[in-house]
Every structure is written in C-alpha cells, then in structure tokens.
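The primary structure of each chain is shown beneath.
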Amino acid sequence: FSQAAWSLYRQEIISWSEAEARSEGFTLKQWEQRQSWGPEYAYYRRKLKCENASCSQDSDRQMIKKSIEENGGWARLNHRVAEFRRPHVAGLRAAANTNTYAPQPR
C-alpha cells in the first residue's frame, strides 16, 4: 500500500470498527478485545467475497472455481485472504499512549 492508501484503509477500518462496536453494545475497546484475530481481520472477513470476483475468460473462471471448491471452498479462501491482510507487526494498537486501534502500514 502507498501511505495514502494505508491512511484511507485505516480510517475506513476504524469507522467500521466503531460502528460494529456500537451496534453490538460495546465500547470500541471492549469490541476490539473480543476480536481474537484483531479488528483488521474482522473487517476484511466481513467485507471479502472472493466468490464475487470475475474473469475475462470463462474457461479461466471455471478452472479457478473448480480449484477453489476442491481445496476448501470460498469460505476458506476468504479466511486466508483476510488472514494475509492482518498486520504482520505484533500489537494492533499502534497509536502511542492510546488504546485506539490503528492498522500498521506494510
């Protein structure tokens, strides 16, 4: 990601996390603590829908779809992509002197 893209994603994830916390009746800190894989994973897991991707060639689409379905299915692929997008830096709270979640740039 570029710094500009990272900043956009960071704000989107923070806004989404705050809305999720409110909708579930938690403070942001409480909600974050309930996310065992972290808020960024939760965000991507909810947003990702690899099964909606498209291909320009129908033969490619069929080959890819068959391979995905033979190797764990769409849910597994969505999980793996969300897992890959988790911060690779230990500790999800990057903002100094705060408990507010801030994803780390890569």
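Scope of this entry: the structure provided in the associated data block. Being a predicted model, the structure only gives us computed values, none of them experimental.

Quick look at the overall build of the protein chain
Phase 1: For the protein chain, the count of helices and strands is five helices and zero strands.
Phase 2: Walking the protein chain from its N terminus toward its C terminus, one meets helices and strands in the order α-α-α-α-α.
Phase 3: The burial tally for the protein chain puts 26% of its 106 residues in the buried class.
Phase 4: Surface exposure of the protein chain reaches about 7100 Å², of which carbon and sulfur atoms provide 49%.

A closer look at the packing of aromatic side chains
Phase 1: Applying the stated rule across the entire model yields five aromatic pairs.
Phase 2: Geometrically, the ring pair formed by Tyr9 and Tyr44 is tilted, given 6.2 Å between the ring centres and 45 degrees between the ring planes. With Tyr9 in helix α1 (residues 3-23) and Tyr44 in helix α3 (residues 39-47), this residue pair connects regions lying 35 residues apart in the sequence.
Phase 3: Its relative accessible area of 3% is what places Tyr44 among the buried residues.
Phase 4: Centroid distance Tyr43 to Tyr44: 5.1 Å. Interplanar angle 75 degrees. Geometry classified as edge-to-face. Per residue, the accessibility class of Tyr43 equals that of Tyr44, and both read buried.
Phase 5: Among the aromatic residues, those joined into a ring-pair cluster are Tyr9, Trp16, Trp31, Tyr43 and Tyr44.

Looking at the nonpolar core
Phase 1: Core analysis: the largest hydrophobic core is formed by 10 residues, namely Ile13, Trp16, Ala21, Trp31, Tyr41, Ala42, Tyr43, Tyr44, Leu48 and Ala82.
Phase 2: Those elements that provide at least two residues to this core are α1 and α3.
Phase 3: Considering each element in turn, this core owes the most residues, four residues, to α3.
Phase 4: When neighbours within four sequence positions are excluded, Trp31 is seen to be in contact with Trp16, Ser17, Glu20, Ala21, Glu24, Phe26, Pro39 and Ala42.

Re the side chain of Asn78
Phase 1: Inspection of the secondary structure assignment puts Asn78 in helix α5 (residues 73-85).
Phase 2: Ignoring any residue separated from it by four or fewer positions in sequence, one finds Asn78 in contact with Arg45, Leu48, Lys49, Cys50 and Glu51.

Conventions and cut-offs
Residues numbered from 1 in each chain as written. Predicted model: local features only at pLDDT ≥ 70, side-chain atom pairs only at ≥ 80, totals over all residues. Heavy atoms only, no water. Helix = DSSP H or I, 4+ residues; strand = E, 2+ residues; numbered from the N terminus. Buried < 20%, exposed > 50% of the residue type's maximum accessible area, 1.4 Å probe, protein only. Areas by Shrake-Rupley, 256 points an atom, 1.4 Å probe, with all protein chains shown as cover. Phe/Tyr/Trp six-rings, centres within 6.5 Å; stacked < 30°, edge-to-face > 60°. Core = buried A, V, L, I, M, F, W, Y, C linked by side-chain atoms within 4.5 Å. Contact = heavy atoms within 4.5 Å.

Function cannot be inferred from these measures alone, as they are strictly geometric.
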